[in-house]
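One letter stands for each residue in the lines below.
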Amino acid sequence: MQSSRMIREIHYKILILISLVFTISVLAASPPDGAEWFARAQEARQDENYAAALKALEEAEGEAFAPIRIAFERARIETLTDNPGAAVAELQALADNGFNGLGFITGDPILNTLAGHEAFDELVTEMAARAYPCEHDPAFRAFDFWIGDWDVHVPGGNFAGTNTIERAQRGCVLIENWVSASGGTSMSVNYLDKATSERVQVWNAEGGSQISIRGGMTHEGMLLVGTLHDVASGTTTPFRGLWTQLEDGRVRQFFEQSTDGGETWSPWFEGVYTRKE
């Protein structure tokens, strides 16, 4: 009885061992998948075995491995084998299919060596226009005359403060940072609302004044209209601002508010901007 049980246990262990050996042999015989073929392509490229690298990429492509990564690797190989036209063609095909990761191209130490090649430079320009549209849209440049480091004086000549206006977010936004002669501060975010084609300014001061105005260029300059809200009192009044570029390069800023719903307007602030030397 005991002998029979021992025989069954031995038989069971042998079956398990055979099963393990079979599984291992099957796994060992499994062909490379797309990721492994791609890794082989990279290794071959690093070993300067470019023919083998291209062949491995074909295998990876056949396994439906990531097409963008394959195109990048193929472009690297074409670059290293002094075939810039083919390299750019690979990248152009990616761009034509919606790829917009310009930084992955210009930041690649191999692909970046294509800089100066006419087709590559044209591709980078084309992709940059899609990746950073504000930088390449003239409509976003309408308020650029206000950009700079400025000293601001009121009409009588007294110093009112300093203002710094800078382009941000690849040209999509202008940021204003104001410091008054007495040390008070405020800042604004200015941008083109492309959906409405209106220029927008949202301004906040440390004392709780909030300006929200919008508009666009007129024959007098940039005219924005909206409201001035005082956080402390909770009051909101109609408000408008006009920025005019003067012939000598200075800029006049003129703010007005209304206390009768926009029927009449009175000056709120007027300053003339002079660029710092």
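Residues numbered from 1 in each chain as written. Predicted model: local features only at pLDDT ≥ 70, side-chain atom pairs only at ≥ 80, totals over all residues. Heavy atoms only, no water.

1. Quick notes on the packing of helix α4 (residues 67–80) against helix α5 (residues 84–96)
Taken N-terminus to C-terminus, the directions of α4 and α5 make an angle of 165°; their axes are 7 Å apart at the nearest point. As the angle between them shows, α4 and α5 are arranged roughly antiparallel. Handedness of the crossing formed by α4 with α5: left-handed. Across from Ile68, Ala71, Phe72, Arg74, Ala75, Glu78 and Thr79 in α4, the residues of α5 making contact are Pro84, Ala86, Ala87, Glu90, Leu91 and Leu94. (Axes fitted to C-alpha atoms, helices over the stretch in contact; angles between N-to-C directions. Helix = DSSP H or I, 4+ residues; strand = E, 2+ residues; numbered from the N terminus. Parallel < 35°, antiparallel > 145°, perpendicular 65-115°, else oblique. Left-handed = near helix turned anticlockwise from the far one by under 90°. Contact = heavy atoms within 4.5 Å.)

2. Quick word on the pattern of salt bridges
Going through the model one piece at a time under the given rule, you end up with 17 salt bridges. Between Glu61 and Arg74 there is a salt bridge whose closest N-O contact spans 3.4 Å. Linking Glu61 in helix α3 (residues 50–62) with Arg74 in helix α4, this pair joins segments that are 13 residues apart in sequence. Given the relative accessible area of 14%, Arg74 is considered buried. Two residues, Glu270 and Arg252, come together in a salt bridge whose shortest N-O distance is 2.9 Å. Separated by 18 residues along the polypeptide, Glu270 in strand β10 (residues 266–275) and Arg252 in strand β9 (residues 251–257) bring together distant segments of the chain. Using a relative accessible area of 26% as the deciding quantity, one classes Glu270 as partly exposed. Look at Arg252 and you get partly exposed, because its relative accessible area is 25%. Among the charged side chains, a salt-bridge network with shared partners connects Arg45, Glu73, Arg76 and Asp108. (Salt bridge = Lys/Arg side-chain N within 4 Å of Asp/Glu carboxyl O. Buried < 20%, exposed > 50% of the residue type's maximum accessible area, 1.4 Å probe, protein only.)

3. Considerations on the sheet that holds strand β2 (residues 159–168)
Strand order in this closed barrel of ten strands is β1-β2-β3-β4-β5-β6-β7-β8-β9-β10, and the pairing throughout is antiparallel. Neighbour-to-neighbour, the strand axes of this sheet turn through a mean angle of 25°, independent of strand direction. Both strand β1 (residues 148–153) and β2 contribute to a ladder of six bridges, which runs antiparallel. Of the residues in β2, the one forming a bridge with Asp151 is Thr162. (Pairing = 2+ DSSP bridges.)

4. Some thoughts on the side chain of Arg76
For Arg76, the position within the fold is in helix α4. Not counting residues up to four positions away in its chain, the partners in contact with Arg76 are Arg45, Asp108, Ile110 and Leu111.

5. What about the environment of Arg40?
With respect to the secondary-structure elements, Arg40 resides in helix α2 (residues 34–46). Take Arg40: its relative accessible area is 35%, and that puts it in the partly exposed class. Along the primary structure Arg40 and Ala56 are separated by 16 residues, whereas in three dimensions their C-alpha atoms are 6.4 Å apart.

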